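Summary of structural features
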Amino acid sequence: MATFLYKVGRLAFRRRHYVALLWIALLTLAGVGAASAPAAGASSFSVPGTEAQKAFDLLEQRFPGMSADGATARVVFKAPTGEKLDTGANKATVEKTVKDLGDGSEVVSVADPFKGKAVSKDGTIAYASVKYKVSGMELKDASKDALTDTADQARKAGLTVEVGGDALTATPETGSTEIIGIAIAAVVLVITFGSLLAAGFPLLTALIGVGIGVSTITALASALDLGTTTSTLAMMIGLAVGIDYALFIVSRYRAELAEGREREDAAGRAVGTAGSAVVFAGLTVVIALVGLAVVNIPMLTKMGVAAAGTVAVAVLIALTMIPALLGYAGKKIKPTGQKSKLLGGGRAKSAEKSARPNMGTRWASFVVRRPLAVLLLGVIGLGAAAIPAASLELGLPDDGSQPTSTTQRRAYDLLSEGFGPGFNGPLMVVVDAKDSKTPKADVTTVTDKIKALKDVTTVTPASFNKDGDTATITVVPDSKPSSVTTEGLVHGIRDAGAQVKADTDSSVLVTGTTAMNIDVSQKLNDALIPYLILVVGLAFLLLIVVFRSVLVPLKAALGFLLSVMAALGAVVAVFQWGWLSGLMGVEETGPVMSMMPIFMVGVVFGLAMDYEVFLVTRIREAHVHGEKPSQSIVTGFRHSARVVTAAAVIMIAVFSGFISSSESMIKMIGFGLAIAVFFDAFVVRMAIVPAVLALLGKRAWWLPKWLNRILPNVDVEGEGLRELDSRDSDPDEDRELVRA
């Protein structure tokens, strides 16, 4: 591996014009594809195998004109103080608004609140339900504008009018802090390298990689049914790993220059050693992201595969374009320890300052002297941070989690005020009586059983299809959609349906947005352990090959579990308990997004292994070259601690930039990944890892002889490159590389 990548690095350095043109051509091609691609339609959300999805599919068959997945809007009216809606001018305004709402070409139906008994008991609040032919993402701007304009006209007449539902679905905004995150990354790179030019290379290549990845996703969005969240996730992870991978190779290049190597040889060795670590680190991230497919939620699978593709591009760019850019830079890139003149380079250092060990050396020496104390402190600290995770409640965001400044949230609050909190999350019960001889009697039985359940506010009369073999019943809980009580009611209705199925030939299914959210949460919970076994198992095998050790990969996996549990605890504390919620812009606390645990497991594991590979390969390299275990730890930290720290700060800055997003899911993901990287990089990898290695000593690199014989030698440490020191570079290397 190291020898092959060494040749790749030298070839890219020497043939830099071709390499640069190739990547620019790919970026241009992806950009043209994105610009010319048809606009993406709705990103369909389906959850195969769940009861709620089966009910949706059944409704599509039995109620063909119902548009079960069509967008909905609830236009909520509130009368001025001391007045009611069902009299005089207020009633006339509502009726005119209902008439205007039905004029749109995409509107299926509009329910008049006065005819549909959609007026609160005190007569002050009412709502009109608008049903559309297409989903919220497919709804034309003209339809959305007509909806908001009609609401504005009613406001001018003196009523309070708000619009809820998914008809006003908007593309999430990430805010200006995303740019601030990139700016922080630039500052960290300048400090790390002491050179504006060297600092610019990781940023440039990361932006090119993200540009190719996101443009490709945009070009394929319509054909592959990709949503806006897919490209946001790809951008988030692609920026972070793209900068980090390039950072490690540029840093190693400067270290090779400091050892007196020629620039082309230094570029080859940087790609051969640090590049090998980049390849395996990238593989762990790709495995973790592609592994999301085991959950069997198409949207999550597409997000994972798209982000994995962006990571793969980041790896290829780091291995090829970085050495090409280093070739263009020439002598402007200084060896490690030297700064550019613009940043104070060229000044003579005192002998005392030059001989002083760097921070990484001092920290590693401290840990090696007191490994047990550092280990206990790190484990106890992460354990304390993980305590809130024991109170984890899962759910999916609804209008109740929107900022109070939005009309969707205000509509949600008005409906809760007028009709109770459960009105925002009605349940749809579907009775399939196709095989029954007495369908109406069976539906009546189901209705009576539901009415007998506690926590039920309203049960509407059943509505049959044309064939009379399928009926829908709307059930309004007395608790809000995301509550544990509502979840219990869903299970209660399903238990009652099972009894009906046993006594009759009719099946009972519960669906609707609330039931779908509950089923998604359950599906994600059920998939978490298999996913963990798959991803951690594959990465464990990969790390055994990389480190040629059993205990080091085991330690890496256990350290990851500590950091991800601590990060989940922090997410619960902020988004569920409300700690520091004002600082994070969290206006409404509630259940943690149901896909957050499995998503964090996948993404954080891949990123955590980045630092594990970069840090421990440097330690193993020193050990393979003959140093004692304790000294190899210090040597590894002397060369890599500064760079790993810079990489972690950059990744934290990039992820933190997404905390300002208007989309609660993106906000939570940004915070969760940022805090997870902080815990993993600075507590697990910088403290617990060297402490465990110091305690294990030579045992850390133990590998059974039989396993050692069958494992391939990938040579991540670059041991094979030492043979190159005794001979000049081969002038026919280009042809050798082609043959390889």
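As the structure is a computational prediction, the values presented were derived from the model and not from experiment.

**What about the overall build of the chain?**
Across its full length, the chain carries 24 helices and 11 strands. Across the 740 residues of the chain, 54% fall into the buried class. Contacts in the chain between residues at least 24 apart in sequence constitute 80% of all its contacts with a sequence separation of at least 6. Here the chain has roughly 31,600 Å² of accessible surface; of this, 59% comes from carbon and sulfur atoms.

**Looking at the packing of helix α9 (residues 263-290) against helix α17 (residues 513-547)**
Put simply, α9 and α17 touch, their axes get as near as 10 Å, and they point 165° apart. For the element pair α9 / α17, the angle class is roughly antiparallel. In the packing of α9 onto α17, the handedness of the crossing is right-handed. Between α9 and α17, the residues in contact are Phe-280, Leu-283, Thr-284, Ile-287 and Ala-288 and Tyr-531, Val-535, Leu-538, Leu-542 and Val-546, respectively. Grouping the amino acids of the contact of α9 with α17 by side-chain chemistry returns nine nonpolar, one polar and no charged.

**Observations regarding the packing of aromatic side chains**
Evaluation of the coordinates by the stated rule reveals eight aromatic pairs. Taken together, a centroid distance of 4.8 Å and an interplanar angle of 25° make the contact between Phe-419 and Phe-423 stacked. The interplanar angle of 65° and the centroid separation of 5.3 Å between the aromatic rings of Trp-577 and Trp-579 together place this pair among those described as edge-to-face. Every member of this aromatic cluster is reached through a ring pair, and the members are Tyr-127, Phe-419 and Phe-423. Over the ring of Phe-13 we find Arg-16, and its NZ or CZ is 5.5 Å from the ring centre. We note Arg-16 situated over the ring of Tyr-328; from NZ or CZ to the ring centre the distance is 5.9 Å.

**A short note on unusual backbone geometry**
In the Ramachandran plot, Asn-296 falls in the positive-phi region, its phi being about 65° despite a non-glycine side chain. Note on placement: Asn-296 falls in the loop between α9 and α10 (298-329). The phi angle at Arg-548 is positive, at roughly 50°, despite the residue not being glycine. Here Arg-548 lies in the loop between α17 and α18 (551-576).

**Regarding helix α16 (residues 484-503)**
The end-to-end C-alpha distance of α16, which contains 20 residues, comes to 29 Å, matching closely the 28 Å that a straight helix rising 1.5 Å per residue would cover. Looking only at α16, the buried set comprises Thr-486, Leu-489, Val-490, Ile-493, Arg-494, Ala-496, Gly-497 and Val-500. What you see down the axis of α16 is that its buried residues fit within an arc of 160°, all on one side. Away from its buried face, by an angle of more than 90 degrees, α16 presents the exposed residues Val-484, Asp-495 and Ala-502.

**Focus on the side chain of Ser-632**
Within the secondary structure, Ser-632 sits in helix α21 (residues 629-656). Among the residues examined, Ser-632 registers a relative accessible area of 0% and is labelled buried. Discounting chain neighbours no more than four positions away, the residues touching Ser-632 are Ile-619, Ala-622, His-623 and Glu-627.

**Structural notes on the pattern of salt bridges**
Within this structure, the stated rule accounts for 18 salt bridges. Where Glu-259 meets Arg-261, a salt bridge forms, and the shortest distance between an N and an O atom there is 3.6 Å. Between Arg-494 and Asp-519 there is a salt bridge, and its shortest N-O distance comes to 2.8 Å. Of this pair, Arg-494 sits in helix α16 while Asp-519 sits in helix α17, and the two are 25 residues apart along the sequence. Here Arg-494 and Asp-519 have matching classes, each one buried.

**Considering the pairing of strand β1 (residues 72-78)**
Burial analysis of β1 places five of its seven residues in the buried class, which makes it a mostly covered element. Both β1 and strand β3 (residues 125-132) contribute to a ladder of seven bridges, which runs antiparallel. Within the sheet, the bridge partner assigned to Val-75 lies in β3 and is Ala-128. Pairing of β1 with strand β4 (residues 160-165) involves six bridges; the strand directions are antiparallel.

**Notes on helix α15 (residues 439-451)**
Helix length check: α15 (13 residues) gives 18 Å between terminal C-alpha atoms against 18 Å at 1.5 Å per residue, within 8%. In this fold, the buried residues of α15 make contact with β6 (427-432), β7 (456-459), β8 (463-464), β9 (470-477), α16 and β10 (507-511).

**Some thoughts on the sheet that holds β4**
Ordered by their spatial adjacency, four strands build an open sheet running β2-β3-β1-β4, and the pairing between neighbours is antiparallel. The open sheet terminates on both sides in strands that have one partner only, identified here as β2 (107-111) and β4. Between one strand and the next, the sheet's axes are offset by a mean angle of 20°, whatever the strand orientation. Against the sheet, helix α5 (residues 141-156) touches β1, β3 and β4, its axis set at about 155° to β4.

**Focus: the confidence of the model for the chain**
Looking at the chain as a whole, its pLDDT mean stands at 83, while 89% of the residues score no less than 70. By mean pLDDT, the top-scoring element of the chain is helix α13 (residues 371-386) (94), and the lowest-scoring one is helix α24 (residues 733-739) (46). Scored below 50 in pLDDT, residues 348-354 makes two contacts in the model with residues more than four places away or belonging to other chains. Counted against residues more than four places away or in other chains, residues 733-740, with its pLDDT under 50, gives 13 contacts.

**Describing a nonpolar patch on the surface**
Together, Val-294, Leu-534, Leu-538 and Leu-541 give the surface a local cluster of nonpolar side chains, amounting to about 320 Å² of exposed area. Within the secondary structure, Val-294 is located in the loop between α9 and α10. Overall, Val-294 belongs to the partly exposed group, its relative accessible area being 41%.

**Brief notes about the packing of helix α1 (residues 2-14) against α10**
With their axes 7 Å apart at the nearest point, α1 and α10 run at an angle of 45° to one another. Relative to α10, the element α1 is oriented oblique. The element α1 and its partner α10 pack so that their crossing is right-handed. Facing α1, whose interface residues are Leu-5, Val-8, Gly-9, Ala-12 and Phe-13, α10 presents Leu-319, Thr-320, Pro-323, Ala-324, Leu-326 and Gly-327. Tallied by class, residues from the contact of α1 with α10 come to eight nonpolar, three polar and no charged.

**Here's the deal with the environment of Pro-461**
Looking at the element boundaries, Pro-461 is found in the loop between β7 and β8. Along the primary structure Pro-461 and Thr-474 are separated by 13 residues, whereas in three dimensions their C-alpha atoms are 7.8 Å apart.

**Concerning the environment of Ile-297**
The residue Ile-297 is located in the loop between α9 and α10 in this model. Judged by relative accessible area, which is 0%, Ile-297 ranks as buried. Sequence separation between Ile-297 and Val-520 is 223 residues, and the spatial gap between their C-alpha atoms is 8.5 Å.

What counts and how
- Residues numbered from 1 in each chain as written.
- Predicted model: local features only at pLDDT ≥ 70, side-chain atom pairs only at ≥ 80, totals over all residues.
- Heavy atoms only, no water.
- Helix = DSSP H or I, 4+ residues; strand = E, 2+ residues; numbered from the N terminus.
- Buried < 20%, exposed > 50% of the residue type's maximum accessible area, 1.4 Å probe, protein only.
- Contact = heavy atoms within 4.5 Å.
- Areas by Shrake-Rupley, 256 points an atom, 1.4 Å probe, with all protein chains shown as cover.
- Axes fitted to C-alpha atoms, helices over the stretch in contact; angles between N-to-C directions.
- Parallel < 35°, antiparallel > 145°, perpendicular 65-115°, else oblique.
- Left-handed = near helix turned anticlockwise from the far one by under 90°.
- Nonpolar A, V, L, I, M, F, W, Y, C, P; charged D, E, K, R; others polar.
- Phe/Tyr/Trp six-rings, centres within 6.5 Å; stacked < 30°, edge-to-face > 60°.
- Lys NZ or Arg CZ within 6 Å of the ring centre and 35° of its normal.
- Expected span 1.5 Å × (residues − 1).
- Arc of directions from axis to C-beta.
- Salt bridge = Lys/Arg side-chain N within 4 Å of Asp/Glu carboxyl O.
- Pairing = 2+ DSSP bridges.
- pLDDT = per-residue confidence, 0-100.
- Patch = residues over 30% accessible without salt bridge, like charges linked within 9 Å, V, L, I, M, F, W, Y side chains within 5 Å.

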